[in-house]
Structure formats: C-alpha cells, structure tokens
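# Remarks on the overall topology
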Amino acid sequence: MSQLPTFSLKLLPLLISLMCAPQAQAQPATPENNVPLLKEVLVSGTRTTRFSDDMPLSTDVIDQTSMEAAQAGDIHDLAKTLPNVSIKRAPARYGVTGKGNAVGADGNAGFSIRGQSGNRVLMLVDGVRQPRSYANGSTAFGRDSVDLGLVKQVEIVRGPSSALYGSDGLAGLVNFITLEPADLLTEAHRGAQTLGGKAWLSHSGDDDGTAAGVAVAGRASDSVQWLLSVGKHSAHEMSNMGTNNAANVDRTTPNPQSLQGDSLLGKLVWQPNAASTHRLTLEHVAKDSAVDLLSSRAKPPFTGTLAVQNALTAAESATQTMTRDRLSWQGDYRLQSRWADKLQAHLSWQDSDAHEDGQTVRRDAGVRTRQTSYQERGWQASVQADKTLPMSAQWSQLLSYGADYSATDVSSLTQGFDPAPLTAFTARRYFPDTRDTHQALFIQTEWIGGAWSLTPGVRVDQYAIDVLSQAGYYPNLSNTPAQSLSGSATSPKLAVLYRATPQWSVYGQWAKGFRAPEGQQVNSALEVSTAKLLPNPNLKPEESRNLELGLKGRLHLIRLDAAVFTSRYSNLIQEKKDLGTANGLAASVTNPTLFQTVNIDQASISGFEVKAHADVAQLQHGKLAASLGYGQTHGSNLTTGLPLSYLEPAKLTLGLAYTSANWDVSISVQHHAAKNANEIDSLYIPKSTSLLQFTPPASTTLDMHSQWRMRKNLRLNLGVVNLTNQKYWNWSDVQGLASNPAAPLLPVVDAYTQPGRHINLSMVMDF
C-alpha cells in the first residue's frame, strides 16, 4: 500500500480538525464578506444540471476562475492537486525505427482515475466522446486534443459511469464544457451586454511556452447569440533536472523539441421561443510537434562487426500532427407533457487525425523512414427526456431516460522505407479499417423523500466491431480474414443519499462498469523475424463492480468530502501477452514467439480520498482559506496475487490562500509518497531478470500563485512552481525504467525528472 510518512498521517486528523473548528478567533465578519461557499453545479454526474451536493458520488468541478488562478495550460496541470487523479507525461525519448520504443511519444497520455487509465477513462467535450489513445511499436498518440482556452468548466466523475454513458466509462469520466455566449455577455460586474469578450496572454516557464487568445460574443437579437474564440500556442521541450547534454543515449537533458497549436470555437445559440433553444457548435483543435531525438544516437566508441556498426543510429528525428474537428447541434425543448418536462437532442460529427513522420539515419548513411497515421471519424446522436413525477406528499420522482447511438470509422496505416541491405519495407495496416458501433437505451430515476434520495439506473448497450476493408491488412496470416465482433452489456447501478442534518449527508453507491474491446485489439496482427502477433476475435468486454461510501459536510464556511471505495475488475484486456513459442523451444523464424491480446487479469483496487476547503478567518481587508486533498489506492492482480504496479503512490496537497478585493496569493504544498518495492509485482523491469526497476523516492514541492486585479476587467497572474527546486519523479513516467547506472544503452533516470523551479505569467482582460 502506498503510504505517507508517519508524521504526515498523524497530521491529517489535526489538519481536518483545524479546518472544521469554529472560527471563534477570527474577526467578526460583515454581511458583505461572510458569504457561504457556493454550491458546485455540474451536468456529467446525472446527464442533467444538478448540484454536486445532491449527487451520491464523488466529483470534481474545476471552473474557469480556478483554471486561470492556477494557470492551467493543459490537462496535466488540471490533475496536479486532485487526489487519486493523475496524468502520465513521460519525456520524448522514443525511437522511430528498429526495436519498438514509444516512450514519451504520446505526450499527455490521458487521465488516470483511482488507478485505471488510458481508454478506460471516458473523455468528453460537451458530452461528445473524444478519440482514444493509440500505440503500436514506436508510434503512440495520446488524448490531449483539448485546448483549455475554449473551456469554461471541467467535470470529473470518479468511479464507473457506464450506467449513463456506456463503454469506456469503466474507471470514470472527464467532461470538458466549452464557453457559451452567455458566459461573456453576463459578467457579474458588467451586467447584460450586446457585445463582450475576453483576451488572454500567458507564458509558461517549464517549456518556454507562449499562449494567446481572444473570445468574443454578441447578442444579434433577443433570440440569437453568437460566440467566436481563437487561440494560438507555441512551446519548446519540457525542462527537467538532467545535466548531461551528450548527443547520445547518455543524454539526460530534454531532446530539442518545438510545439505549435491553434484552436477555434464558434457557437450560435438560437432561442425562437420560450420553449426551445438550439445550439450549433464548431470546434477545431490542431497541435504539431517536432523533436530531434538526440538521446537515441549511438554512443562511441563503436564496437562489433562492420555490419553491426553500420546499423547504429547516427541521427533521428520525428514530427507529429494532430487535428480534431467537431460540428454539433443540440436542441433543448421544454414540453411539459405527460411523458416529459424537458427533452434534449444532440447530434455530432467529429473527425480526428494523428500523423507521425520519422526518420533514422544509420552510420552507413542509409536513411530509414516511417509514416504512421491514425484516424477516427464518426457520428454521435442522443436523445434524453426528463420528467418530474409527484408520488405523494412526502415523495417525488425525477425520471431520466433516453437513447444513444454512435458509429466511428477507425483506421491506421504505416508506410516507410528501409535501405539496403535491409529488406524493403511494405506499407501495412496492423488492423483492418473498422467501424465501431454502439447503441444503447438508458433509464435512471431518483426518488426523493424527506432526508432520503434513492437512485437506481440501468443501461443496455449493444456494440459491434465491423471490418470495413482488408486492403493493406498486413500480414495476411495464412489467408485468414479479419473477424467482426458484436455483443451486449447491461450496466446497472443503485445509489442512496441520506441527509442526516442540513450540514451532513452520507451516501453509498454500487455500480457496474464495462468497456468493449477495440477493433485494433481484436484484429491486430504482425509477423516479424522470430515473433508473431495473433488476432483474437474472442475478446470479451472488460467489467467492473464497484462499491463506494461517502461523506459530505457543508458547514457555513467549510466544505468536506470523503469517500472510500473498492472495485473488482474482471476480463481486463492485456495487450500483446507473451505466449511463448508453440513447442516451448527457443524462438526462431520457423518457431516464432507468439503474442496475443487476451482477457486474463482479475484485479481489485481499493482506496480512499479526502477533500476539504474552509474559510478559516475573516480579516479586515480579506479572508484566509485553507484546503486539503489526500488520496491513496492499493490493489492486486487476483490472477497472480501480486500487487498492481501501475497504481500511483499516495498524494497529499495542502493549500493556504489569502483573498482581498484587489489581489490574491496562495501557497500549495504537494507531497508524493515513495513507491516502495513491495508495491510492484517485480523488482526487475519487464522481460528482465537483472535490470532493477527504478522506484522514485518521496518528494515535497511548493508552489505559489498570486493574482492582481489591476482594474475590474484586467487581471495579472503570477506563479512560481516548484519554489524549492525539488528534484522528483512521477511514478507513471518511470514505470519500466531501469535504475542500474552501469547498464549499457539504458536511459538514465535523471532524464525523467520533473521541471525545476520556474515562473508562469499570464494576463486576462474582459471587455
């Protein structure tokens, strides 16, 4: 189990008690500044707009004000202080050709929630599913296809969300909600306007990045509003604490890298009458990256035969491009009929493309090239009805029901060139062009009576993976065609919330989650030298059963959330499992090692998290607030009895903030517990019996942020991150990294350190 040092655990009850203690020593508050904490509003937990306090589940809501104050530039910054939530972001140290190595190619790879990550976490933008991550050989594409400059709120739901959203919600969901015209036309200090907007300019010291953008909204008439937002971003490689600048495998400083990005958001809101509203949204996000992979160059002196020396890498570089385009329509209708009070319909088209072009220059001057593309193009449609039904004088019922449909065409193609004496490279699709189709019916009802809320729900999904074309599908294993696959899943849930007092409530939730296999998992195939990857048309959906118990405290100036959870996972999909050779003898061209993606792992994960916020003192010119976040998980592979190595160590965050009329300042302390040897399944890295796994030590970092409101419409934000210049690592970035300093041709651990002390600066203006 991940644990904090003993002194930190002893401090937790004291810190909570201090935050929950009456403010008897604070200066008497005036009516103007003694304002209770505002309730959080979100839509992702129930697919309807509700207060988070009324939901029997654990959520996080990050609004635009919080993102601006923390100077969050990407999804990695969002997860920094959230317990049991993290983002993997390894340095770019991959290789384009030769032995497969995709380390860091996927950038911000995606969210991990309570130990599960990747495509097991559902990512949405305005309720629209985002493209999945993809990795094959040396190529990997992450899930960072969102520009936070377009986003007004991020909602995170912890635990399975399959009962409402279906597949991919096995571990939880993250929903990015984009700006609306009303957000810029009804600012509190300006009132209603016919034209309004905001502009921003920022600089991040960890990657020498610059971002700029402007959002403008207008009221064309009483029934029509519009919004247009554009953004531009440029940056360089992410800094670290490495010191070796050698242009070979010993390098620990970052590889030179340049990044560019641009975004566009357009919205048109039409309200023809009081009973209906229509929203048309156009979104475009593009990101480009170019990296000079100095760390993959061979280190002199060169040894071996002439052929071996000629094959060594003399230079290597790669470029990546990612684009995502979305067109959505949403209609909201107030019906007040017998079967629905409200009806919401949603139709979206989305086109996502990712490309990587790389080249390797050998020492004999031969040039090897690879061009890999991955595309997802699809339609999504949904309809949802909501109805309030009075049942008795004490009880009422909120009913939500509807249907979802999605069809996504997925394809990937790898092309390239290998010079003599290498065998000529053949363009190939490691899996055939595939259409993923999902259709579902869902229903959820909430019975509310007195202090009790009871929420049962169920969703029935039908999924299909249909092979569209086998053209270029390589290799054609014994002339065996790729297989289509279909199935169904039922995802029930039952939750109860009890309001013991107006200030305290407890809840419990049992829910089932599932995730359907992906087309590339079912049909990926490859034959190289002494290895063969086999397709598996018999893959089953991953499933989870989850129990969560929680406590919510809403005192006058104090907000407390605590949850304990346990999850049981079955049929977890393990990609490219080593099955050995057919006869158990040494691998050869005629007796290759067999690999296959299979259902094998049975796992359990348990843990808890605590979040607290309190206005601890009302001062003469402002107020002092404190915050706390702590989370830890532990789990085991029930098939082997070994611990789940990928679980993050415990994380503790303590914050103190002072807010006045014209300026704010906050300090945040983050403590990451060490990853201990007894928390990993092997002391050695995968497929090795001699190279020890590097386990990062405990670390404590300090950040400071401040905001100066120069005028009512002009704000200057300053942040000093890692103030003490602490050298530290994140476990998700170094898993599988060897610690042996004398091991040849291995990246040394300093290359995987996080950035040292740096300054972030931003300015925001409303108009």
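Turning our eyes to something else, we now look at the overall build of the chain. Each helix and strand counted, the chain has 8 helices and 35 strands in total. In terms of overall dimensions, the chain is globule-like: its C-alpha atoms have a radius of gyration of 27 Å, near the 27 Å expected for 767 residues. Seen through its principal axes, the chain has C-alpha atoms that stretch 85 × 55 × 55 Å. Burial statistics for the chain: of 767 residues in total, 51% are counted as buried. Of all intrachain contacts in the chain linking residues separated by at least 6 positions in sequence, the fraction that spans at least 24 positions is 70%. The averaged location of the 66 negative side-chain charges in the chain is 3 Å from the averaged location of its 65 positive side-chain charges.

Predicted coordinates in regions of low pLDDT should not be interpreted in detail. Residues at a pLDDT of 70 or more form 93% of the chain, whose mean pLDDT is 89. Throughout residues 1-36 the model reports pLDDT below 50, and contacts reaching past four residues in sequence, or to other chains, amount to 56 contacts.

This part is about empty space enclosed by the protein. Counted under the stated rule, the structure contains 4 cavities of 30 Å³ or more. For the largest cavity, the calculated volume is near 330 Å³. Lining the largest cavity we find 26 residues, and of these R129, R132, D168, E376 and T408 sit closest to its centre. Of all elements in the fold, only β6 (121-125), β18 (342-362), β19 (367-390), β20 (395-417), β21 (433-449) and β22 (452-469) reach the threshold of two or more residues within the lining of the largest cavity.

Before going further, it helps to spend a moment on the pairing of strand β33 (residues 699-711). Direction of pairing for strand β32 (residues 663-672) relative to β33: antiparallel, over a ladder of 10 bridges. Looking across to β33, one finds that S668 is bridged to D703. Relative to strand β34 (residues 714-721), β33 runs antiparallel, the two sharing 7 bridges. Within β34, the residue paired with R711 across the bridge is L714. Turn length for the β33-β34 hairpin, with the two strands adjacent in sequence and antiparallel, is 2 residues.

Turning our eyes to something else, we now look at the packing of aromatic side chains. Within a pair of aromatic rings, the relevant descriptors are the distance that separates the centres and the angle that separates the planes. Tallied over the full model, the rule gives 9 aromatic pairs. Consider the rings of Y134 and F141, whose centres lie 6.4 Å apart with planes at 15°: the pair is stacked. Take Y134 and F141: they sit in the same class, and that class is buried. Using a relative accessible area of 3% as the deciding quantity, one classes Y134 as buried. Among the aromatic side chains, those forming a connected cluster through ring pairs are Y134, F141, Y374 and F431. The side chain of R114 reaches across the aromatic face of F565, ending 4.1 Å from its centre. For R370, the ring lying beneath its charged end belongs to F425, and the centroid distance is 4.0 Å.

So, how was this worked out
- Residues numbered from 1 in each chain as written.
- Predicted model: local features only at pLDDT ≥ 70, side-chain atom pairs only at ≥ 80, totals over all residues.
- Heavy atoms only, no water.
- Helix = DSSP H or I, 4+ residues; strand = E, 2+ residues; numbered from the N terminus.
- Rg over C-alpha atoms; globule rule 2.2 N^0.38 Å.
- Buried < 20%, exposed > 50% of the residue type's maximum accessible area, 1.4 Å probe, protein only.
- Contact = heavy atoms within 4.5 Å.
- Lys, Arg positive; Asp, Glu negative; His and termini not counted.
- Charge placed at Lys NZ, Arg CZ, Asp CG, Glu CD.
- pLDDT = per-residue confidence, 0-100.
- 1 Å grid on protein atoms, 1.4 Å probe; cavity = no way out; pocket = protein on both sides within 12 Å on 5 of 7 lines; lining within 4 Å.
- Points joined across faces, edges and corners; volume = space filled by probe spheres on them.
- Pairing = 2+ DSSP bridges.
- Phe/Tyr/Trp six-rings, centres within 6.5 Å; stacked < 30°, edge-to-face > 60°.
- Lys NZ or Arg CZ within 6 Å of the ring centre and 35° of its normal.

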